[in-house]
Protein chains: 2
Amino acid sequence: MHALISELTELVGESGLVSDAALAERATSYWNSDPTTARALVKPASTQEVSAILKYCHDHDQTVVVQGGLTGVVAGCEASEADVIVSLERMNQIEEIDDIENVATVQAGVILQNLHEALEPKGLLFPLDLGARGSCTVGGNVATNAGGINVLRYGMMRNLVLGLEVVLMDGTVLSSMYPMLKNNTGYDLKQLFIGSEGTLGVVTRIMVRLFPQPTSRQSAMVALDSFDKVMTLLNRLQGELAGTLSAFEVMWQNYYEGVTGEGQHRPPLARDYPFYTIIEAEGFDEANDAARFERLLENAFEDGLVSDAVIAQSERERQDVWIVREEFDPILPAYLYDVSLPIKHMNDYAVELDQRLRSELAGTYPVVFGHIADGNLHIFVLPYKNDEHHHAADQVLYETLAKYGGSVSAEHGIGIEKRAWLSMNRSEDELMLMRNLKQVLDPKHLLNPGRVFA
Amino acid sequence: MHALISELTELVGESGLVSDAALAERATSYWNSDPTTARALVKPASTQEVSAILKYCHDHDQTVVVQGGLTGVVAGCEASEADVIVSLERMNQIEEIDDIENVATVQAGVILQNLHEALEPKGLLFPLDLGARGSCTVGGNVATNAGGINVLRYGMMRNLVLGLEVVLMDGTVLSSMYPMLKNNTGYDLKQLFIGSEGTLGVVTRIMVRLFPQPTSRQSAMVALDSFDKVMTLLNRLQGELAGTLSAFEVMWQNYYEGVTGEGQHRPPLARDYPFYTIIEAEGFDEANDAARFERLLENAFEDGLVSDAVIAQSERERQDVWIVREEFDPILPAYLYDVSLPIKHMNDYAVELDQRLRSELAGTYPVVFGHIADGNLHIFVLPYKNDEHHHAADQVLYETLAKYGGSVSAEHGIGIEKRAWLSMNRSEDELMLMRNLKQVLDPKHLLNPGRVFA
């Protein structure tokens, strides 16, 4: 143990190593306030230091857990007493913002919101955005193929990565830092590392695509009386607002009721509609965008699609709309799920899940909302009781999901928490191939051990 | 040989097998009219037949070359006398068009244009589009990660694939036919098969993303007097027309002169400007799109960015603009290149390449055009002489490209023709990892042998 600490200190310096009491002051993760347990935590300041640390650990059969912003929700960053933690927190430099190529080059530890803020004065946008923006890192976004609220328009993280530098467990630095959108030169190796949750390599530097910052934004909350109308409205707006529709978030009634109760968020619309959606469009035609948005919603109202609507007339009113979707503390504690399934099956799934939970686990029920245009639902199951109840809820929820061809993880990944359900979506042959890829890239199984598969 | 033919015939039936004289009637590829040489050509009609063929070949150490539309330009589909050809031409069914999920499920042998035509009456668009649309197949588009003219707005093929079914060389069927945009369940194995040019598995079925068919389209050809102005105009329109700008094609002067000479295409604009661009926007606001497009180009003209412009007022006029870009026969024969590099270096590269070719290979010169917003240039080098001259031109072109951080293949892939240049863009460590992946998926090196790397 002493040898490990002194060797690692040699690699990263005194200020780059955290152990003992200082380490115990850190929480295990955002969701788990227990003190972090690990042999040590190292904070490399460069790709070379990451490489040296991994090579040392590889040579000494030392397991490594990689940490970004700690806000992942599948326990991917939680270390055990046997692990060394590699935290990318000191690799937080935005190296270059190129407004001709529309590319930013960043170190993996850059916090997403810091990148957003650096781009804004230049009229540029990095469109990945999610609730954890203030803590999550761009490297973590790559490792987990993050999704979030703008996938509808800009795609997931995979679609936004142009160049990538990764360090393999044996210390090899694989660098493919090309800023071009098109680069069909052999196998696109970076795809292996996007979304594989740090089990195949440690992301150190990234080139991401930038877009022009929209100059107009329209936001509305809309109430509807059936899920068929929700789907019809979505399809209609995907046409009419194509290229500018940036969010279409849906909340089922009990979600909306739950967050707008007495003393909670102010409800922008009455609380008794079956469905609510938040619609946002971001455009570049300030002179016409607002009027057109309003006209399209009016048409939908006149056609009986929409029961009621409020269009935000100020940033303040926009916040009032979004807080209902983004701050769901009034509902917690609950078991959180993140699934995807065909849009046309979503409401049938929600109804059947509600029936099954109530009948099989008396008093248990789901609260449903999500990014439906991406096929993505988030579900809270309540009440929050204990592990046994949690597992029973998992069983009902995923079994019902399987009937509708759903996926057990839309954007959160597998981590440790969802391993048991991976085989619902991936065949034995697929799992075998995943293991074979792991074997090629980390034959000693030292990197983020036990993530994705045991 | 006889055993091979009779065994394969048993797997696919008489009508599924082509050999001897019938085989020799087929050309080697679109670009090579020599008779096809191969032991046999099989035309499986189902995934099960593909699996049975590959398993048989695997068990008998028989090399296999996979064929789609034969229009690839790096000799990826050209078989040798020792190979069995697997042609996907009978797997040409569009299985489902789902206008709620906006997903089409197709067999790999569906011709791209047939998919376009099936979608149009439903108001849907599959946005991948390229010159070979009438012959290339969706499976080939996946295998090569095809690009084309709409990448600027919709991304490359990788970005359009939701679900994928692949048969491995040993006959294993890997099926991940999920229609959801978000599906972070373990490693995203389909990414391995997209763009790996059929060397890791045979694509059999695909679920692709669909988009609403735009209801308005504006097309213009614009002349500019410097490349700086081309870049400025591109950046400006990427903002002003964001979400609707679908093409921004650039032609250097000698390209434009070359295709609009005496007896060739009619020049939409005078022939003496240094740069020409074709700009296209596809929108959904018929009432306003045309006027706005015209206003934005007028502004660019008034600001001195644009020297001259013509906006197409009819489909006929639009064709007159596009034919200049799409039908470049007047320039041929020539050596064709497909490279990518940072936009800001493109003109310096073009100028330096022109100087070097003229001085090092007397009388040799480049003709440059391309999808510059994607970082992609196509280059013809003339005159067309012989292999020795071709190789000398390769040397000058790629050496000069390396100085500017360019990629030897933007969208065409590596195939057989570009293998020698792959190491310019990929490190020894990257090439080693590619070989290791090949080893995992095709340990006997039977599938599309010699493609990507020897």
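This write-up is about the structure you can find in this document. Within each chain, residue numbers correspond to sequence positions counted from 1 in written order. To read the labels, note that chains go from A and ligands from 1, taken in the order they are written. Given that the model is predicted, a residue must reach a pLDDT of at least 70 before its local features are reported, and side-chain atom pairs must reach 80 or more before they are shown or counted; all residues, however, enter totals for whole chains, interfaces and linings. To get the side-chain values, all heavy atoms of the structure are used, and hydrogens and water are removed first.

### Let's talk about the overall build of chain A
- Helix numbers and strand numbers start at the N terminus; a helix is a DSSP run of H or I with at least 4 residues, a strand a run of E with at least 2. Scanning chain A for helices and strands turns up 15 helices and 18 strands.
- Its C-alpha atoms give chain A a radius of gyration of 23 Å, near enough to 22 Å, the size a compact globule of 454 residues would have.
- Every one of the 454 residues in chain A was classed for burial, and the buried ones make up 61%.
- Between two residues, a contact is recorded if the distance between any of their heavy atoms is within 4.5 Å. A fraction of 72% describes how many contacts in chain A between residues 6 or more apart in sequence connect residues 24 or more apart. Each radius of gyration is computed over the set of C-alpha atoms, and the globule rule expresses the reference value as 2.2 Å times the number of residues to the power 0.38. Whether a residue is buried, partly exposed or exposed follows from its accessible area with a 1.4 Å probe, protein chains only, as a fraction of its type maximum: under 20%, in between, or over 50%, in that order.

### Points about the sheet that holds strand S16 (residues 335-340) of chain A
All names here are of chain A.
- Strands were regarded as paired on the criterion that DSSP finds at least two bridges between them. Across the sheet, which stays open at both edges, the 7 strands sit in the order S15-S12-S14-S13-S17-S18-S16 with antiparallel pairing between neighbours. Looking at which strands have only one partner, the edges of the open sheet turn out to be strand S15 (308-311) and S16. Strand-to-strand twist of the sheet, defined as the mean angle between neighbouring strand axes without regard to direction, takes the value 15°.
- Across 7 bridges, the pairing between strand S17 (residues 365-371) and strand S18 (residues 376-382) is antiparallel. Looking across to S18, one finds that Gly370 is bridged to Leu377.
- Sheet contacts for helix H13 (residues 387-403): S16 and S18; angle to S16, the most-contacted strand, approximately 15°. Interaxial angles span 0 to 180 degrees and are taken between N-to-C directions of axes, which are lines fitted to C-alpha atoms, for helices over the stretch in contact.

### Things to note about unusual backbone geometry
- Each neighbour pair has its own omega, and for Leu382 of chain A with Pro383 of chain A the value is -10°, a cis peptide bond.
- Along the chain, Pro383 of chain A falls in the loop between S18 and H13.
- That bond from Leu332 of chain B to Pro333 of chain B is cis: its omega, 0°, falls within 30 degrees of zero.
- With respect to the helices and strands, the residue Pro333 of chain B is situated in the loop between helix H11 (315-326) and strand S16 (335-340).
- Its identity as a non-glycine residue notwithstanding, Leu70 of chain A has a phi of 70°, on the positive side.
- Positionally, Leu70 of chain A belongs in the loop between strand S3 (64-67) and strand S4 (84-87).
- Backbone geometry at Glu197 of chain A places phi at a positive 55°, although glycine is not the residue there.
- When you line up the elements, Glu197 of chain A lands in the loop between helix H7 (190-193) and strand S10 (202-209).
- On the accessibility criterion, Glu197 of chain A (11% relative accessible area) is buried.

### Quick word on the sheet that holds strand S5 (residues 94-98) of chain B
Residue and element names in this part refer to chain B.
- The 5 strands lie next to each other as S5-S6-S10-S8-S9, forming an open sheet whose pairing is antiparallel. A single partner strand is all that each edge strand has here, and the edge strands are S5 and strand S9 (173-176). Taking each pair of neighbouring strands and ignoring which way they run, the sheet shows an average axis angle of 10°.
- Pairing analysis gives 5 bridges linking strand S6 (residues 103-107) to strand S10 (residues 202-209), with the strands arranged antiparallel. By the bridge assignment, Val106 is partnered in S10 with Ile206.

### Side note on the environment of Val321 of chain B
Residues and elements named next belong to chain B.
- Looking at the secondary structure, you find Val321 in helix H11.
- Note on Val321: relative accessible area 3%, which makes it buried.
- Sequence-wise, Val321 and Ala52 are 269 residues apart; in three dimensions their C-alpha atoms are separated by 48 Å.

### Brief notes about the interface of chain B and chain A
- Chain B puts 84 residues into the contact, and the matching count from chain A is 84 residues.
- On the chain B side of the contact with chain A, Lys182, Asn184 and Tyr187 of chain B bury the most area, a combined 15% of that side's loss.
- Every case where a carboxyl oxygen of Asp or Glu lies within 4 Å of a side-chain nitrogen of Lys or Arg is listed as a salt bridge. Taken together, the connections running from chain B to chain A amount to 12 salt bridges.
- Between Lys344 of chain B and Asp98 of chain A there is a salt bridge whose closest N-O contact spans 2.3 Å.
- Here a polar contact is taken to be a pair of N or O atoms separated by no more than 3.5 Å, where protein atoms must pair a possible hydrogen donor with a possible acceptor and residues adjacent in sequence count only if both atoms sit in side chains. Where chain B meets chain A, there are 48 residue pairs in polar contact (both at pLDDT 80 or more).
- Counting only elements with at least two residues in the side of chain B that touches chain A, the list comes to helix H6 (151-154), S9, helix H7 (190-193), helix H8 (227-240), helix H10 (289-302), helix H14 (422-425) and helix H15 (428-441) of chain B.
- The element contributing the most residues to the side of chain B that touches chain A is H15 of chain B, with 9 residues.
- A breakdown of the residues in the side of chain B that touches chain A according to their chemical character gives 34 nonpolar, 31 polar and 19 charged. Reported buried area values correspond to the accessible surface (1.4 Å probe) lost by two parts on association, with both partners' losses combined. Polar here means any residue other than Ala, Val, Leu, Ile, Met, Phe, Trp, Tyr, Cys and Pro, which are nonpolar, and Asp, Glu, Lys and Arg, which are charged; Gly is therefore polar.

### Comments concerning the relation of the copies chain B and chain A
- With an RMSD of 0.0 Å, the fit of chain B onto chain A corresponds to turning through 180° and sliding 0.0 Å along the axis. Such a turn and shift between the copies fits a two-fold axis. When C-alpha distances to the rotation axis are compared across chain B, the minimum falls at Gly243 of chain B, with a value of 1.9 Å.
- Most of the interface of chain B is mirrored in chain A, where 100% of its interface residues again form contacts. The copies were overlaid by least squares, fitting only the C-alpha atoms of residues that reach a pLDDT of 70 or more in each copy.

### Some details on the nonpolar core
- We call a set of buried residues a nonpolar core when its members are Ala, Val, Leu, Ile, Met, Phe, Trp, Tyr or Cys and they connect through side-chain atoms within 4.5 Å of each other. Counting residues in hydrophobic clusters, the biggest one holds 234 residues, and the most contacted among them are Ile372 of chain A together with Ile372 of chain B.
- Residues within four places of Ile372 of chain B in sequence aside, it is in contact with Phe227, Val230, Leu234, Phe248, Val250, Trp252, Ile343, Met346 and Leu377 of chain B.

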